[in-house]
Amino acid sequence: MIPLVEKSLTDEQPTVRVAAAGALVMLGRADAWNRVRDAAGAPNPEERGAALRMLGDLRDRRALPILLQALADAQPSARGAAAAALGGFALPEATQALTNALNDPIPAVRAAAAVSLGEGGSAESIPPLKKMLADANPAVRAATLAALLRLGAPYSECVGVIRDLTGNTDPGIRAAAGKALGNGRGTEVVSALRLLLDDPLPRPRIAAARSLGQVGGKESIPILKKALNDQDDAVRATTGGALGRVLFASILTR
C-alpha cells in the first residue's frame with residue numbers, strides 16, 4: 001500500500017500529490033506532514049486549496065496557524081478551503097476567525113465559514129449566525145440554516161428563511177435548503193421536507209429524501225414509502241437508501 005501511495009507523490013497533478021502526502025500521514029508516515037504543510041503555501045491556488053483542505057482532514061493542531069493565516073489569502077478559493085478546514089478544530093481561536101470570515105466579500109467563503117461554525121458546536125456561534133440569515137446570497141443563507149439547526153437553534157427562529165429558500169426559483173437553492181434541513185430534528189422539519197418531496201424537479205426531491213433519512217423518526221417512514229413511487233429513478237434510489245437508514249435506526253432504538 002505505502003509504495004503505491006509514495007509513487008503518487010511525483011504525480012503531475014498537484015492535487016494527487018497532496019492527496020498522496022495526506023494518505024501517508026494517515027498511514028503513520030509523520031514525515032509526509034511537511035509535504036502537506038509546504039503545499040499549503042504553494043503558488044498554485046489549486047494545490048494550495050487542496051493542501052488546506054487536507055490539513056483540516058488531518059486534524060493536526062500544527063495546522064491551526066496555517067489555516068488561520070490562509071483566511072487572509074488573496075485567493076478566494078484558498079480562503080474558502082481554510083474556512084472549510086477549520087470546522088475540524090473546535091477551538092476558541094478557530095471560532096473567532098470563522099466568525100470574522102462571515103464578513104468575507106465572497107459568498108462561498110461566508111458559506112464555508114457558516115458551515116464550519118456549525119461543525120464547531122459552540123453555542124457562542126449562534127448569535128452571529130442568526131445575523132447571517134439576512135445575507136443577500138441565498139446559498140449563504142442555506143449554509144447558515146444548516147449550521148443553526150446543527151447547533152440546536154429552534155425551528156421557529158429559522159422558519160422564515162426556510163420558507164424563503166424552499167420557495168426559491170433556483171432548484172439548486174431549494175435542494176440546498178433540503179440538505180440543510182437534514183441537520184434538524186422534530187415534526188416541523190419532517191413536514192418541511194415532506195413538502196419539498198413534492199417539488200417539480202428531481203434535485204430538491206433527492207435532497208429532501210436524503211435528509212429525511214438523516215432526521216429519522218417513525219413519522220418519516222410513511223412519507224418515504226410514498227416517495228418510493230416517484231417517477232424519477234434517482235429519487236426512488238435515494239428514497240430507498242433513506243428508508244433503509246430510518247428502519248435500521250428504529251430497530252436499534254427498540
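Look a little higher up for the structure.
Summary of the structure given here. (Residues numbered from 1 in each chain as written. Predicted model: local features only at pLDDT ≥ 70, side-chain atom pairs only at ≥ 80, totals over all residues. Heavy atoms only, no water.)

**Some thoughts on the packing of helix H12 (residues 171-181) against helix H13 (residues 187-196)**
For the pair H12 and H13, interaxial distance at closest approach is 10 Å and the crossing angle is 150 degrees. As judged from the angle between their axes, H12 and H13 are roughly antiparallel. The two elements H12 and H13 cross, and the hand of that crossing is left-handed. Contact residues: H12 offers Arg174, Gly178 and Leu181, while H13 offers Val189, Ala192, Leu193 and Leu196. Residues that form the contact of H12 with H13 fall into these classes: five nonpolar, one polar and one charged. (Axes fitted to C-alpha atoms, helices over the stretch in contact; angles between N-to-C directions. Helix = DSSP H or I, 4+ residues; strand = E, 2+ residues; numbered from the N terminus. Parallel < 35°, antiparallel > 145°, perpendicular 65-115°, else oblique. Left-handed = near helix turned anticlockwise from the far one by under 90°. Contact = heavy atoms within 4.5 Å. Nonpolar A, V, L, I, M, F, W, Y, C, P; charged D, E, K, R; others polar.)

**What to know about the packing of helix H2 (residues 14-26) against helix H4 (residues 45-58)**
The interhelical angle for the contact between H2 and H4, taken along N-to-C directions, is 20 degrees, at an axis separation of 9 Å. On the basis of the axis angle, H2 is roughly parallel to H4. The two elements H2 and H4 cross, and the hand of that crossing is right-handed. Of the residues in H4, those touching H2 at Pro14, Thr15, Arg17, Val18, Ala19, Gly22, Val25 and Met26 are Glu46, Glu47, Ala50, Ala51, Met54, Asp57 and Leu58. The residue inventory of the contact of H2 with H4, partitioned by class, reads nine nonpolar, two polar and four charged.

**Considering unusual backbone geometry**
In this structure, Arg59 takes a positive phi of about 55 degrees despite not being glycine. On the secondary structure map, Arg59 appears in the loop between H4 and helix H5 (64-70). Residue Arg59 is classed as exposed on the basis of its relative accessible area, which comes to 56%. (Buried < 20%, exposed > 50% of the residue type's maximum accessible area, 1.4 Å probe, protein only.)

**What about the layout of surface pockets?**
By volume, the largest pocket amounts to about 550 Å³. Forming the walls of the largest pocket are 22 residues, and the residues nearest its centre are Val115, Ala146, Ala176, Lys179 and Ala180. Elements represented by at least two residues in the lining of the largest pocket include exactly helix H8 (107-120), helix H10 (138-150), H12 and helix H14 (202-215). Of the residues in the lining of the largest pocket, the class split is twelve nonpolar, five polar and five charged. Arg194, Leu197, Asp198, Ile223, Lys226, Ala227, Asn229 and Asp230 together form the lining of the second largest pocket. With three residues, the single largest contributor to the lining of the second largest pocket is helix H15 (residues 220-227). Classifying every residue of the lining of the second largest pocket by side-chain character gives three nonpolar, one polar and four charged. (1 Å grid on protein atoms, 1.4 Å probe; cavity = no way out; pocket = protein on both sides within 12 Å on 5 of 7 lines; lining within 4 Å. Points joined across faces, edges and corners; volume = space filled by probe spheres on them.)

**Brief notes about the pattern of salt bridges**
Taken as a whole and assessed by the stated rule, the structure comprises 13 salt bridges. A salt bridge links Glu47 to Arg17, with the shortest nitrogen-to-oxygen separation between them at 3.8 Å. Of this pair, Glu47 sits in helix H4 while Arg17 is found in helix H2, placing the two residues 30 residues apart along the sequence. The exposure class assigned to Glu47 is buried, which follows from its relative accessible area of 15%. Here Arg17 falls in the partly exposed class, since its relative accessible area comes to 26%. One salt bridge connects Glu157 with Lys130, and the closest N-O pair in it is separated by 2.7 Å. Of this pair, Glu157 sits in the loop between H10 and helix H11 (159-166) while Lys130 sits in helix H9 (residues 126-132); the two residues are 27 residues apart in sequence, bridging distant segments of the chain. The exposure class assigned to Glu157 is partly exposed, which follows from its relative accessible area of 40%. We classify Lys130 as partly exposed; its relative accessible area is 36%. Connected through salt bridges with shared partners, the residues Glu6, Arg29 and Asp31 form a single ionic network. (Salt bridge = Lys/Arg side-chain N within 4 Å of Asp/Glu carboxyl O.)

**As for H12**
The element H12 is largely enclosed, with a buried count of eight among its eleven residues. Within H12 the residues assigned to the buried category are Gly172, Ile173, Arg174, Ala175, Ala177, Gly178, Ala180 and Leu181. Where H12 is buried, its residues meet H10, H11, H13 and H14. Where H12 begins, the side chain of Asp170 points an oxygen toward the backbone nitrogen of Gly172, at a separation of 2.8 Å. (Polar contact = N/O pair within 3.5 Å; in protein donor to acceptor, adjacent residues only side chain to side chain.)

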